[in-house]
Amino acid sequence: MDRRTVAIVGGSGYAGGEFLRLALFHPHLEVTQVTSRRFAGEPVHFVHPNLRGRTNLKFIPPERLEPADILVLALPHGVFAQEYERYRPLGKVVLDLSADFRLKNPDLYRRYYGEHPRPDLLGSFVYALPELYREALRGADQMAGAGCNATATLLGLYPLFKAGLLQPKPVFVTLLISTSAAGAEPSPASHHPERAGSLRVYKPTGHRHTAEVVENLPGRPEVHLTAIATDRVRGILMTAQAFLHDGWSERDVWQAYREAYGGEPFVRIVKQKKGIHRYPDPRFVQGTNYADIGFELEEDTGRLVVMVAIDNLVKGTAGHALQALNLRMGWPETLGLEFPGLHP
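Rules used throughout
Residues numbered from 1 in each chain as written. Predicted model: local features only at pLDDT ≥ 70, side-chain atom pairs only at ≥ 80, totals over all residues. Heavy atoms only, no water. 1 Å grid on protein atoms, 1.4 Å probe; cavity = no way out; pocket = protein on both sides within 12 Å on 5 of 7 lines; lining within 4 Å. Points joined across faces, edges and corners; volume = space filled by probe spheres on them. Nonpolar A, V, L, I, M, F, W, Y, C, P; charged D, E, K, R; others polar. Pairing = 2+ DSSP bridges. Helix = DSSP H or I, 4+ residues; strand = E, 2+ residues; numbered from the N terminus. Axes fitted to C-alpha atoms, helices over the stretch in contact; angles between N-to-C directions. Buried < 20%, exposed > 50% of the residue type's maximum accessible area, 1.4 Å probe, protein only. Polar contact = N/O pair within 3.5 Å; in protein donor to acceptor, adjacent residues only side chain to side chain. Contact = heavy atoms within 4.5 Å. Core = buried A, V, L, I, M, F, W, Y, C linked by side-chain atoms within 4.5 Å.

## Re the layout of surface pockets
- Looking at the second largest pocket, its volume works out to about 250 Å³.
- Around the second largest pocket, the lining comprises 15 residues; the ones closest to its centre are Tyr14, Thr179, Ser190, His191 and Arg195.
- Of the residues assigned to the lining of the second largest pocket, the class counts are six nonpolar, six polar and three charged.

## Considerations on the sheet that holds strand β8 (residues 171–177)
- Overall, mixed pairing links the seven strands, which are arranged β9-β10-β8-β11-β14-β13-β12 in an open sheet. Across the chains shown, the open sheet's two edge strands, defined by having one partner strand only, are β9 (200–203) and β12 (267–269). Each neighbouring strand pair of the sheet contributes to a mean axis angle of 25°, computed without reference to strand direction.

## Thoughts on the pairing of β8
- What you see with β8 is a clean split: Val171, Val173, Leu175 and Ile177 sit on the buried side and Phe172, Thr174 and Leu176 on the side with no burial.
- Of the strand pairs in this sheet, β8 and strand β10 (residues 223–229) are connected by seven bridges, and their pairing is parallel. Its bridge partner being in β10, Val173 is matched across the sheet by Leu225.

## Some points on the side chain of Asp292
- Take Asp292: it is sitting in strand β13 (residues 291–298).
- Residue classification places Asp292 among the buried residues on the basis of a relative accessible area of 5%.
- A distance of 2.7 Å separates polar atoms of two side chains, one belonging to Asp292 and the other to Arg268.
- Every residue in contact with Asp292, bar those within four places of it in the chain, is listed here: Arg268, Val270, Pro280, Val285, Met307, Val308 and Ala309.

## Brief notes about the nonpolar core
- Among the nonpolar cores identified, the biggest contains 42 residues, and Leu157, Leu160, Val173 and Val306 are the most heavily contacted of them.
- Mapped by element, the contributors of at least two residues to this core are α6 (148–162), β8, β10, β11 (236–243), α9 (250–261), β13 and β14 (303–310).
- The biggest single contributor to this core is α6, with nine residues.
- When near neighbours in sequence (up to four residues on either side) are disregarded, Leu157 contacts Val171, Val173, Leu217, Val223 and Ala240.
- Within the second largest apolar cluster, 39 residues are counted, among which are Val93, Ala140, Met143 and Ala318.

## A word on the environment of Val223
- Checked against the element boundaries, Val223 lands in strand β10.
- The exposure class assigned to Val223 is buried, which follows from its relative accessible area of 5%.
- When the C-alpha atoms of Val223 and Leu137 are compared, they prove to be 26 Å apart, with 86 residues separating the residues in sequence.
- In this structure, Val223 is in contact with Leu157, Val171, Val173, Thr210, Val213 and Leu217, ignoring residues within four places of it in sequence.

## Here's the deal with empty space enclosed by the protein
- Under the definition given, this model contains one cavity of 30 Å³ or more.
- There is about 30 Å³ of room inside the largest cavity.
- Looking at the largest cavity, the residues that line it are Leu166, Gln167, Lys169, Pro170, Val171, Ala242 and Phe243.
- Broken down by class, the residue content of the lining of the largest cavity amounts to five nonpolar, one polar and one charged.

Structural data, given as structure tokens:
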């Protein structure tokens, strides 16, 4: 069987560790190197105990990194852009999970992140969201993984803007976000006594993923994100409120989603008329690459509420990245991503 070597830079974090978990069970991938300065010399299961007995790999320092067919970068935001010339030659195909090259517009990047260290490279990476950029990903040697909150928001809103269903009014998005979205580095905000049982609004305005949402939606509409921290370990629940044009109905919304996602392997429309699981719930996509999308139309006002549930570490990070890599390598798109989730 044809196998390609993979090196994961920053494999002790949640994003890198999740990609490692998926890659270890992929029939065409052979993980040969996983880097971590802090844990160099330790077995990977020391940090990722779910991988006990599944691999004998040990972390190596980044300085010992050797070339591989595929280089996956799970570094803190800003590091890859600063050290692009060092890392880029080490992989024929490069997949960056940070925010460094997600945007194409330098002004948009400057507004949300500050000055980019390599503005000449903006636009040279393909945004690794397969549902939007499948064909471009098939020929991409440089891919930038989408942000988890942007992924949920884009998947929910893109078909509606593409079909021209929404009035030209601001769209307001609320994101309920799990603790793992903040990364593996502890902080006062992630300290258990502060986070447990809490619903804390931590980014009411100016969320950085707004830039990705605006740049990738048709027509660059006005969209506003508010982020709320929960004490869930995994998952994002996105709700968006928008208004349909007069004369459009729920049937038109159904049609927009069917046209956009009818053949998508990892998008499910969840809108049941009875039972307790009528709308998307992050609980049922935990550990999976699925995005569950639901909606409800307020007939007398035209207000449409869109709901999307994803696992922030899989569909929101490592899963859609692996899905994009499958497309790039010409492998079945669902390979290594078939886990259906658990219930209860």
